[in-house]
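# Report on the structure
Each chain is listed here by its residues.
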Amino acid sequence: MRLQYLLLFIFVSSIGITSCKNNSETALIDAANLIPKPVSVTSNGEAFEITDATSIYILGEPQGATEIGQYLAEKLRPATGFKLAVSNAADNAKPGNIYLEIKADSTLGNEGYELHVSKDKITLSAYKPAGLFHGVQTIRQLLPVAIESPSVQQTSWKIAGTDIRDYPLYHLRGSMLDVARHFFGPNDVKRYIDLLAYYKINLLHLHLSDDQGWRIEIKSWPNLTTHGGSTQVGGGKGGFYTQEEYKDLVKYAADRFITIVPEIDMPGHTNAALASYPELNCNDTATQLYIGIEVGFSSFCTKKDITYKFIDDVLRELTALTPGPYLHIGGDESHATKKEDYIPFMSKVQEIVKKYGKTAIGWDEIALTTLQPGTIAQFWADSANSKEAVRQGAKIMMSPANKAYMDMQYDSTSKFGLHWAAYIEVDSAYSWNPATLVNGIGFENIAGVEAPLWSETISKMDDIEYLMFPRFPGYAEIAWSPEKGRGWDEYKVRLGKHGSRMKAMGIDFYKSAKVPWVE
Ligand code: ACM
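Read on for a plain summary of the structure.

Calculation notes
Residues numbered from 1 in each chain as written. Predicted model: local features only at pLDDT ≥ 70, side-chain atom pairs only at ≥ 80, totals over all residues. Heavy atoms only, no water. Disulfide = S-S within 2.5 Å. Helix = DSSP H or I, 4+ residues; strand = E, 2+ residues; numbered from the N terminus. Buried < 20%, exposed > 50% of the residue type's maximum accessible area, 1.4 Å probe, protein only. Contact = heavy atoms within 4.5 Å. Expected span 1.5 Å × (residues − 1). 1 Å grid on protein atoms, 1.4 Å probe; cavity = no way out; pocket = protein on both sides within 12 Å on 5 of 7 lines; lining within 4 Å. Points joined across faces, edges and corners; volume = space filled by probe spheres on them. Nonpolar A, V, L, I, M, F, W, Y, C, P; charged D, E, K, R; others polar. Core = buried A, V, L, I, M, F, W, Y, C linked by side-chain atoms within 4.5 Å. Axes fitted to C-alpha atoms, helices over the stretch in contact; angles between N-to-C directions. Parallel < 35°, antiparallel > 145°, perpendicular 65-115°, else oblique. Left-handed = near helix turned anticlockwise from the far one by under 90°. Pairing = 2+ DSSP bridges. Phe/Tyr/Trp six-rings, centres within 6.5 Å; stacked < 30°, edge-to-face > 60°. Lys NZ or Arg CZ within 6 Å of the ring centre and 35° of its normal.

### Examining the state of the cysteines
Per the counting criterion, the structure on display carries one disulfide. The residue that forms a disulfide with Cys-282 is Cys-301, at a sulfur-sulfur distance of 2.0 Å. Of note, the bridge from Cys-282 to Cys-301 carries an S-S torsion of about 95° and is right-handed in sense. Here Cys-282 is found in the loop between α7 (271–276) and α8 (305–320), whereas its partner Cys-301 is found in the loop between α7 and α8, with 19 residues between them in sequence.

Printed below as a string of structure tokens:
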């Protein structure tokens, strides 16, 4: 029996079919198609079916597992119509159910999980709740594509029998959303968070201030948002998050094991603040609001005490909104700041971050200064800066613009995006290794991988999705999955099968000709 199943799997995968259109039964999803690819997957030839009689049981002390059971029940509900109960159980003896367990296996790390699917039950275990959460994402991807439907679908909800042990390669796996060039409201950010969570991402870096807009309410400096937040690229009405809205986003992300990293970019990229408060300018004159996209013309007045009072107030209020460990202080493209002013400025700002008990992240130019212990440099353009950060003992966040910037066009016909760093087709976006990209920066120097999305050319969620997908699942895989056993030629087949899932999730993705899409 097992051998027959195995042969069937091999046959089905080799001809690239994941669903049979004329059959009311949907073919089982082979766990070998998961994105990001798990560390270890084996098929056991069985299958488990979720029905309205299935319960979700928490084994042993819940330790945060109950909330994840409820999240799983919620995710399964719209398409199945089932209201799966979540309760505690002493053991996993009763067949037909899903069992979640926090277990004392520290070798799984804080985000790893084990998933066993047999004909009798699903058992998902992890050392920490984050691992269970990531395991739930794996379960979602193993279910028929119809599971992503917002309305009840008539199909059988079968999962192929599988044994998975999985944990991430990089501790920090992120994406940045630029809400400054164009403002995206809380609902868009929540959808962005849900998309990140689906691919086991754990950081959302929000670029909250730039020349074109200031997007976070700072109560001690109210003009930042009333004036500085009142426009965006192209002259639209802009917007900002009230502190209450922002706290709600932080909680929404935390419930999905995602830490928000707020960025206040400085001393350049500061026109929105300079337009809001004349005293931040060396000539005491407020600038005009700015709706263009050229950069490098603005700078805080680094010699004035009021500048540091301002930054202290902003970072103090931001710290109070930020349970996560990081504050991003920008530092990029400060072409209007003299180098001899930039260096002490970024040092002082790092001191303020430290005073508030946080760890600073800065774009790679921050390595021109003396880095505080723990400060992370984000490689985007300059490998010499990044190597200098490593020389100082810092860790690097890998975001190479010519590989990982999701705002780069796929090719010259792309309807959104820029191309100053590169055209980045899906194969190029996938085909790089953070640990070998820059000579002298190895795995041990890397804190994590982040795919930024700048928003000069995009103003709606659909536009975000077009630039993000289908590149983003590849970044998530680079950050999560070991290099061994994966590569573009096999990944593109998995991605092709993933297309119908993205479609079912309502993702408006770019249908790259590089990918063998399977309907
Ligand atoms: C950047 O793209 N200026 C970090």
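### Quick look at the environment of Leu-208
Mapped onto the elements of the fold, Leu-208 is located in the loop between β9 (203–207) and β10 (209–210). For Leu-208, a relative accessible area of 0% gives the class buried.

### A few points about the environment of Ile-139
Here Ile-139 is to be found in helix α3 (residues 129–142). Taking the relative accessible area as the measure of exposure, Ile-139 reaches 1% and is therefore buried. Taking the C-alpha atoms as reference, Ile-139 lies 58 Å from Asp-284; in sequence the two are 145 residues apart. Residues within four places of Ile-139 in sequence aside, it is in contact with Leu-72, Leu-115, Ile-122, Leu-124 and Ile-159.

### Section: α8
Over its 16 residues, α8 extends 23 Å from the first C-alpha to the last, a length consistent with the 22 Å expected when each residue adds 1.5 Å. Residues Thr-307, Tyr-308, Phe-310, Ile-311, Asp-312, Asp-313, Val-314, Leu-315, Glu-317, Leu-318 and Thr-319 constitute the buried set of α8.

### Details of the layout of surface pockets
Roughly 350 Å³ of internal volume is contained in the second largest pocket. Every residue lining the second largest pocket is counted, 15 residues in all, and those nearest its centre are Lys-75, Arg-140, Glu-148, Arg-191 and Met-505. Elements supplying a minimum of two residues to the lining of the second largest pocket: α2 (65–80) and α4 (186–198).

### Considerations on unusual backbone geometry
Leaving glycine aside, a negative phi is the common case for residues, and trans is the common case for peptide bonds. Looking along the chain, the bond that leaves Met-266 and enters Pro-267 is cis, with omega of 0°. With respect to the helices and strands, Pro-267 occurs in the loop between β12 (259–266) and α7. A cis amide bond, omega 15°, links Phe-469 with the succeeding residue Pro-470. For Pro-470, the position within the fold is in the loop between α13 (461–468) and α14 (472–480). For Lys-200, which is not glycine, the phi dihedral falls at a positive 65°. Positive phi, close to 60°, is recorded for Phe-257, a residue that is not glycine. Position of Phe-257 relative to the elements: it lies in the loop between α6 (243–254) and β12. Overall, the relative accessible area of 27% leaves Phe-257 in the partly exposed class.

### Regarding empty space enclosed by the protein
For the structure shown, the criterion picks out two cavities of 30 Å³ or more. Roughly 50 Å³ of volume is contained in the largest cavity. Contributing to the lining of the largest cavity are Gly-496, Gly-499, Ser-500, Lys-503, Phe-509, Lys-511, Trp-517, Val-518 and Glu-519. When its residues are assigned to classes, the lining of the largest cavity shows three nonpolar, three polar and three charged. Each pocket or cavity is described by its volume, and for the second largest cavity that value is around 30 Å³. Taken together, Leu-203, His-205, Val-261, His-328, Ile-361, Gln-378, Met-397 and Glu-450 make up the lining of the second largest cavity. Considering only residue class, the lining of the second largest cavity consists of four nonpolar, three polar and one charged.

### Here we look at the nonpolar core
One finds Ile-50, Tyr-192, Leu-204, Trp-214, Ile-216, Phe-310 and Leu-315 to be the most contacted residues of the largest nonpolar core, which totals 147 residues. In this structure, Ile-216 is in contact with Leu-208, Thr-225, Phe-240, Tyr-241, Tyr-246, Ile-264, Leu-318 and Leu-321, ignoring residues within four places of it in sequence. Counting residues in each nonpolar core, the second largest holds eight residues, with Leu-172, Val-261, Ile-361 and Ala-447 among its members.

### Remarks on the packing of α4 against α13
Two quantities define a packed helix pair, namely the angle between the axes and the distance from one axis to the other. In contact at an axis separation of 10 Å, α4 and α13 are set at 25° when each is read in the N-to-C sense. One finds that α4 runs roughly parallel with respect to α13. Relative to α13, the crossing made by α4 is right-handed. Contacts between α4 and α13 pair Asp-188, Arg-191, Tyr-192, Leu-195 and Leu-196 from the former with Met-461, Ile-464, Glu-465 and Met-468 from the latter. Looking at the contact of α4 with α13 residue by residue, the classes come out as six nonpolar, no polar and three charged.

### Some words on the sheet that holds strand β17 (residues 446–453)
On the basis of which strands lie adjacent, the closed barrel formed by eight strands has the order β8-β9-β12-β13-β14-β15-β16-β17 and parallel pairing. Looking at each pair of strands side by side, their axes are set apart by 30° on average, direction ignored. In terms of strand pairing, strand β15 (residues 376–379) meets strand β16 (residues 395–398) through four bridges, oriented parallel. Its bridge partner lying in β16, Ala-377 is registered against Ile-396. Of the strands in this sheet, β9 and β12 are in contact with α6, which crosses β12 at around 135°.

### Let's talk about the packing of aromatic side chains
Overall, the coordinates contain 29 aromatic pairs when judged by the stated rule. Of the aromatic side chains, those joined through ring pairs into one cluster are Trp-214, Trp-221, Tyr-277, Phe-300, Tyr-308, Phe-310 and Phe-345. The ring of Tyr-127 carries Lys-128 above its face, with NZ or CZ at 5.0 Å from the centroid. Across the ring face of Tyr-410, the terminal group of Arg-471 is positioned such that the distance to the ring centre comes to 3.8 Å.

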